[in-house]
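Residue-level structural notes
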Amino acid sequence: MESLQSKAKELIKDASVAVIIGYAAGTKKGKTKPFFAYSEEDCEKLIFTPECVNNLTIYLTRKFDFMKKGKVAIVAKGCDIKTINVLIQENQLKRDDVVILGVSCEGVVDKDVILDRAELTADLPEDKKSIKCITCDVNTPSDFDHLFGEGVESKAIEPMTGGIYDEVDKVRGMAQGEKWNFWMEHFERCIKCYACKKVCPLCYCDVCITEKNQPQWIETSAHERGNYAWNIKRAMDLSGRCTFCGECDRVCPAEIPLNLLNQEMAKLNYEAFDGYRAGYQTEEKPPFVSFKEDDDEGFIR
Amino acid sequence: MHNLYVPHLMTIEDVTEEAPDVKTFHLVFKDEKMRENFEFETGQFGEYSAFGHGECTFCIASASSRKGFIQCTFRRSGKVTDALYNLEIGDTIGFRGPYGNTFDLEAMKGKNLVFVAGGIGLPPLRSLILTVLDNREDYGDITIVYGARTVKDLVYKDQLKHWAERKDVKMVTAVDPGGETDDWTGKVGFVPTVLEETAPSSGNSMAVVCGPPVMIKFSLQSLEKLGFSRSDVITTLENRMKCGFGKCGRCNVGNIYVCKDGPVFTAEEVAAMPNDF
Amino acid sequence: MTLKLLKEDGLKKLIEALNKADTRVVGPKRNKAGMVTYDDVNADTELELDEVIGRYSPKDAFFPQHETVMRYKLDGKDVHVKAETPVIKETVLLGVRPCDAAAMISLNKVFTWDYVDTLFTERQKKATIISLACNNADESCFCTSVGFAPDGTEGSDILLKKIKSGGYLAELITKEGEAFATTHKSIFENAPAKADTVAIAEPTKLDIDIDRIKSWLDDKEKSWEHPLWEQLAAKCVGCGGCTFVCPTCHCFDIVDEPYGDQGKRVKNWDGCQFDHFTLHASGHNPREHQPQRWRNRFSCKFKIYPDRFEKKGCVGCGRCIRVCPVNLDITEAMTEITQIAK
């Protein structure tokens, strides 16, 4: 990680950026933490390992004040940069305001996987990888100002197949009643902690709908109605926008399969809107926030 | 098994429109025993329910020396106050209380009292003022300095007139510069400035201040200039509340719970609090 | 302290007897999502007693996540109100970790402070707590650094210690514990003179001094605006996960849920880490920024709880550390402050 650290120091030294948002070693084995480097000394703590699971682009959003400090540099994996693209599409971020320190990545660890020292430098076995990495096609980031790590060639995978999408297809194969029970059983465990929306860079509403009480659109209680309303509402809001960073799934204390829910919506978007996938463009607007006269309306029944 | 969360039912017997978006409710308990036995001390507050919308915290604005009814005054500003505002005479609301600590009437006896209030800060003091006036002979000089943004925004307009008419009360009413009407005969100026002009004596005196945070801050400074010590100045704090009895963890300022240790505090106690309100 | 013996099939027999007596049994159980939480248990085979600690605390046995407190019906200008009186069964919390049992005592202080919240106390009164001493700790456990122990007895009626050859040694701590053992005397047999119990876990002792931390917090000038809060909590996303899994966090919300002209008033868990927790209707928010909210939580555990309730606010269970998405580690703060406050 020497070149990442030295580039970071350079950017701080010549005041190109006010802060570097990156990763540092965590306090517990197997964990890393988001880290903000303001000085050259701070930069020495920056690392990048398969344990760097967080999507740091959350700190670029209006939920935090980092963008008010000036230009910002961010250590970003390919999947994180997809989120940056959506933020740019939605006018939440200007490309010029951020220096992307792209990192080549072969995959990050799955939830609760703790690697031992030897495994950190070796190839990460597939069964220890986060499910999002199984179908990754941005191992080498698409956009960056500086690139670190050896180039990694992405596997040739047809979009929306394999990995999580096999599970999506399995649920699609369920009968209506079965599908309802499947989801309601998961939502039953929801404790309405809202960790999912808090950790999501694309849930950046100044006042969340759950906080609006005239009327109370989404009940705050963790009962059937409240849980169903919240989880479905968030999935709808992310439809066509979610870049599958997997953070919501990772942080959910109730183990609700949020990747499955959100990627079902992503697959629907792909199928309904000419192969649209979130995070791969910055010009075109996401399907649900744009209207073209020749939009296919065949699915409106 | 007494359930702390269940409110008593009250009927709205009268509604007064005090100012734009500000109403006073005259409330009577539906239950006869509650009507006869309910007691509170001045300074205390209650949690008022608009069933179906929620609860809201207001002080009890009527005199603690009067029995059989209570009054509360509130400004329409959110979900619950909006629902309450739309209720009419004869409608039912809920009440939980009385909660909180009280103004120390004993400490005030024999002293000269200065009441300083701004805008919607008068209701908490009204309970105290009315209770004091019900036992006028127990107290020394009484000065009331009250101001609002405009003439329309003054609350308890009739009450202000009565207090002004009393020979044993010095009533000074003010509106902010620009808030006066052509026929306004009161003062024009911000409350702290008017307070300094009124210059009540600090000898053997206590002051009670209530109003928007900025007004309280400058009024406290003015009172210090006039020679009042912090322990002789009292104020009421408000914070977002839900339970009102120290369990929901919402209203604390450092280790002080506004619903239990307050809402009445001395300026000395407020100065000792961390910047958490 | 009387010692009793639970033979190898003791727990099986106990749960069967409790089921027969229509007593609710709550213990560590693996749910369909694969995580261990305290939940209703019907057979000893469901108990996951080797798990270091469940994801959630057992506080919801006394303080449910979502609870109806009252029902109302609008009737013209009138309203009918009915207090909710939940039917509470006799309950046994079985296999509770000693840290969690101690936390219940702290919680009790809040819920009985001047006003007694019977929704909490009635549940607590009807519960017998049988704790299980820990033989394993993980990196996040730190009970011994905050004055508790993996074989602590505070808050428990009975403490079980695993015997190497099978079964459990049962220490009867309270009168209720003794009465319970007498009721089930065929299961709580006389203890042998010696019992070779499995070694008690030894969580890493951290360089933490909670008295020093408290003194530092007490000094408003030194601590309130210290840059440490921003440094530690700048990355906090305000997810509130820590407050929900914490055994001593007790903040809640009261809301009305209307359904036409009737409805209920409910009490739901809430958390001081949420950005609108202290938001006034005027728009003013005393704790506008996350570091301020995090400072409040830390102060609540190490200053407010001891000041107001003379109890510890943190039992060292480590759940907040395990669940935090950004590795905001409370022990990191505690170690740093212990150093600063030297």
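Placed above this text is the structure.
Residues numbered from 1 in each chain as written. Chains lettered and ligands numbered in written order. Predicted model: local features only at pLDDT ≥ 70, side-chain atom pairs only at ≥ 80, totals over all residues. Heavy atoms only, no water.

Some words on the overall build of chain A
Our working rule: A run of H or I in DSSP becomes a helix once it reaches four residues, and a run of E becomes a strand once it reaches two; helices and strands are each numbered from the N terminus. When we talk radius of gyration, it's over C-alpha atoms, and the globule rule is simply 2.2 Å times the number of residues to the 0.38. Any residue under 20% of the maximum accessible area for its type is buried, any over 50% is exposed, and the rest in between are partly exposed; the area is computed with a 1.4 Å probe on protein chains only. The contact criterion used throughout is that any non-hydrogen atoms of two residues lie within 4.5 Å. We score Asp and Glu as negative and Lys and Arg as positive, and we do not count His or the chain ends. The atoms used to mark charge sites are NZ of Lys, CZ of Arg, CG of Asp and CD of Glu.
A count of helices and strands for chain A gives eleven helices and five strands. Here the C-alpha atoms of chain A give a radius of gyration of 20 Å, agreeing with the 19 Å that 2.2 N^0.38 yields for 301 residues. For chain A, the C-alpha atoms occupy an extent of roughly 60 × 40 × 40 Å along the three principal directions. The buried share of chain A, taken over its 301 residues, is 54%. Of the contacts made within chain A by residues no fewer than 6 positions apart, 70% connect residues no fewer than 24 positions apart. Counting 41 positive and 51 negative side-chain charges, chain A places the averaged centre of each group 5 Å from the other.

With respect to the sheet that holds strand S12 (residues 262-269) of chain C
All names here are of chain C. In plain terms, the rule: Being paired, for any two strands, means DSSP has found at least two bridges between them. Here the axes come from fitting lines to C-alpha atoms, over the contacting stretch only for helices, and the angles between their N-to-C directions go from 0 to 180 degrees.
Judged by pairing direction, the sheet is antiparallel, and its four strands sit side by side in the order S5-S4-S12-S11 without closing on themselves. Bordering the open sheet on either side are strand S5 (78-83) and strand S11 (252-259), each of which pairs with just one other strand. When the angles between neighbouring strand axes are averaged without regard to direction, this sheet yields 25°.

Here's the deal with the pairing of strand S7 (residues 112-118) of chain B
Residues and elements named next belong to chain B. Quick reminder of the rule: With strands facing away from the observer, any crossover in which the path from the first strand over the helix to the second runs clockwise is taken as right-handed.
Most of S7 is tucked away, with seven of its seven residues classed as buried. Residues Asn112, Val114, Val116 and Gly118 line one face of S7 and the alternating positions Leu113, Phe115 and Ala117 line the opposite face, and both faces are buried. With six bridges connecting them, S7 and strand S11 (residues 205-210) associate as parallel partners. Across the sheet, residue Val114 finds its bridge partner in S11, namely Ala207. Where S7 meets strand S8 (residues 142-148), six bridges bridge the pair, whose relative direction is parallel. Bridge pairing in S8 links Gly118 to Gly147. A crossover links S7 with its parallel partner S8, the connecting element being helix H4 (residues 122-134), and its sense is right-handed.

Concerning the pairing of strand S1 (residues 2-6) of chain C
Residues and elements named next belong to chain C. Here S1 pairs with strand S9 (residues 168-172) via five bridges, running antiparallel. Within S9, the position partnered with Leu6 by the bridge is Tyr168. As defined by bridge partners, S1 adjoins strand S10 (residues 188-190) across three bridges and the pair is classed as antiparallel. Each bridged residue has a counterpart across the sheet, and for Leu5 the counterpart in S10 is Glu189.

Focus: the interface of chain C and chain A
Interfaces are often sized by the amount of accessible area the parts lose when they come together. Convention followed: The term buried area means the drop in 1.4 Å probe accessible area that two parts suffer when joined, counted for both and summed. The term salt bridge refers to a side-chain nitrogen of Lys or Arg lying within 4 Å of a carboxyl oxygen of Asp or Glu. Here a polar contact is taken to be a pair of N or O atoms separated by no more than 3.5 Å, where protein atoms must pair a possible hydrogen donor with a possible acceptor and residues adjacent in sequence count only if both atoms sit in side chains.
On the chain A side, the residues contacting the 36 residues of chain C number 38 residues. Buried surface at the junction of chain C and chain A, both sides included, amounts to about 3000 Å², of which 51% is carbon and sulfur. By the criterion of area lost to chain A, the three top residues of chain C are Glu139, Val237 and Asn327 of chain C, representing 17% of everything that side buries. Where chain C touches chain A, the interface holds five salt bridges. In this structure, the salt-bridge partner of Asp275 of chain C is Lys198 of chain A, at a minimum N-O distance of 3.0 Å. On the surface where chain C and chain A come into contact, there are 22 residue pairs in polar contact (both at pLDDT 80 or more).

With respect to the interface of chain B and chain C
Listed per partner, the contact involves 50 residues of chain B and 53 residues of chain C. For the pair chain B and chain C, the summed buried area comes to about 4300 Å², and 54% of that belongs to carbon and sulfur atoms. Seen at the junction of chain B and chain C, the total is ten salt bridges. The closest approach of N and O atoms between Lys260 of chain B and Asp114 of chain C, which form a salt bridge, is 2.4 Å. For the interface between chain B and chain C, the tally reads 39 residue pairs in polar contact (both at pLDDT 80 or more). Secondary-structure elements contributing two or more residues to the side of chain B that touches chain C are strand S3 (45-50), strand S4 (54-59), strand S6 (92-99), strand S14 (256-257) and helix H8 (267-272) of chain B.

Here we look at the nonpolar core
When a protein is soluble and globular, its nonpolar side chains tend to lie buried together. Going by this rule: By convention a nonpolar core is built from buried Ala, Val, Leu, Ile, Met, Phe, Trp, Tyr and Cys residues, the set being connected through side-chain atoms within 4.5 Å.
Formed by 178 residues in total, the largest nonpolar core has its most connected members in Ile20, Ile21, Tyr59 and Leu101 of chain A together with Leu93, Phe298 and Met334 of chain C. Top contributing element to this core by residue count: helix H2 (residues 98-111) of chain C, with eight residues. Leu93 of chain C has contacts with Val26, Pro58, Ala61, Phe62, Met104, Ala127, Thr128, Ile129 and Ile130 of chain C, leaving out every residue within four places of it along the chain.

Thoughts on the pattern of salt bridges
Tallying each qualifying case throughout the model produces 71 salt bridges over all chains. The partner of Glu255 of chain A in a salt bridge is Arg55 of chain C, and the shortest N-O contact between them spans 2.8 Å. Placement of Glu255 of chain A in the loop between helix H10 (247-251) and helix H11 (258-272) and of Arg55 of chain C in the loop between strand S3 (36-40) and strand S4 (66-75) is noted, with the two residues assigned to different chains. The partly exposed category is assigned to Arg55 of chain C, whose relative accessible area is 21%. Notably, a salt bridge pairs Glu154 of chain C with Lys311 of chain C, separated by 3.3 Å at the nearest N-O pair. Of this pair, Glu154 of chain C sits in the loop between strand S7 (127-132) and strand S8 (158-162) while Lys311 of chain C sits in the loop between helix H9 (290-309) and helix H10 (319-323); the two residues are 157 residues apart in sequence, bridging distant segments of the chain. The class for Glu154 of chain C is partly exposed, based on a relative accessible area of 34%. Residue Lys311 of chain C is classed as partly exposed on the basis of its relative accessible area, which comes to 22%.

A word on the packing of aromatic side chains
As a reminder of what qualifies: Classification of ring pairs rests on two measures: the distance between centres of Phe, Tyr or Trp rings, Trp counted by its six-membered ring, which must be within 6.5 Å, and the angle between planes, read as stacked under 30 degrees, edge-to-face over 60 and tilted in between. Two conditions define a charge sitting above a ring: the NZ of Lys or the CZ of Arg must be within 6 Å of the ring centre, and it must be within 35 degrees of the ring normal.
What the rule picks out here adds up to 46 aromatic pairs over all chains. Here Phe273 of chain A and Phe288 of chain A contribute two aromatic rings whose centre-to-centre distance is 5.9 Å and whose plane-to-plane angle is 85°, an arrangement assigned as edge-to-face. In this pair, Phe273 of chain A is assigned in the segment after H11 and Phe288 of chain A in the segment after H11, connecting sequence segments 15 residues apart. With relative accessibility at 52%, the residue Phe288 of chain A sits in the exposed group. It is Arg126 of chain B that lies over the ring of Tyr156 of chain B; its NZ or CZ is 4.4 Å from the centre. The ring of Phe218 of chain B is capped by Lys217 of chain B, whose NZ or CZ atom sits 5.6 Å from the centre of that ring.

Quick notes on the environment of Ala271 of chain B
Within the fold, Ala271 of chain B resides in helix H8. With relative accessibility at 34%, the residue Ala271 of chain B sits in the partly exposed group. Measuring from C-alpha to C-alpha, the distance between Ala271 of chain B and Arg230 of chain B comes to 8.7 Å, with 41 residues separating the pair along the chain. Here Ala271 of chain B is in contact with Arg230 of chain B together with Lys220 of chain C, once residues within four sequence places are set aside.

Here's the deal with the sheet that holds strand S3 (residues 72-76) of chain A
Residues and elements named next belong to chain A. In space, the five strands of this open sheet follow the order S2-S1-S3-S4-S5, with mixed pairing throughout. Looking at the sheet topology across the chains shown, the edges are occupied by strand S2 (32-37) and strand S5 (146-148). Neighbouring strand axes in the sheet, compared pairwise and without regard to direction, differ in orientation by 25° on average. Relative to S3, strand S1 (residues 19-25) runs parallel, the two being bridged by three bridges. Paired with Ile20 across the two strands is Ala73, which belongs to S3. On the sheet, helix H3 (residues 78-89) packs against S1, S3 and strand S4 (98-103) and is oriented at approximately 135° with respect to S3.

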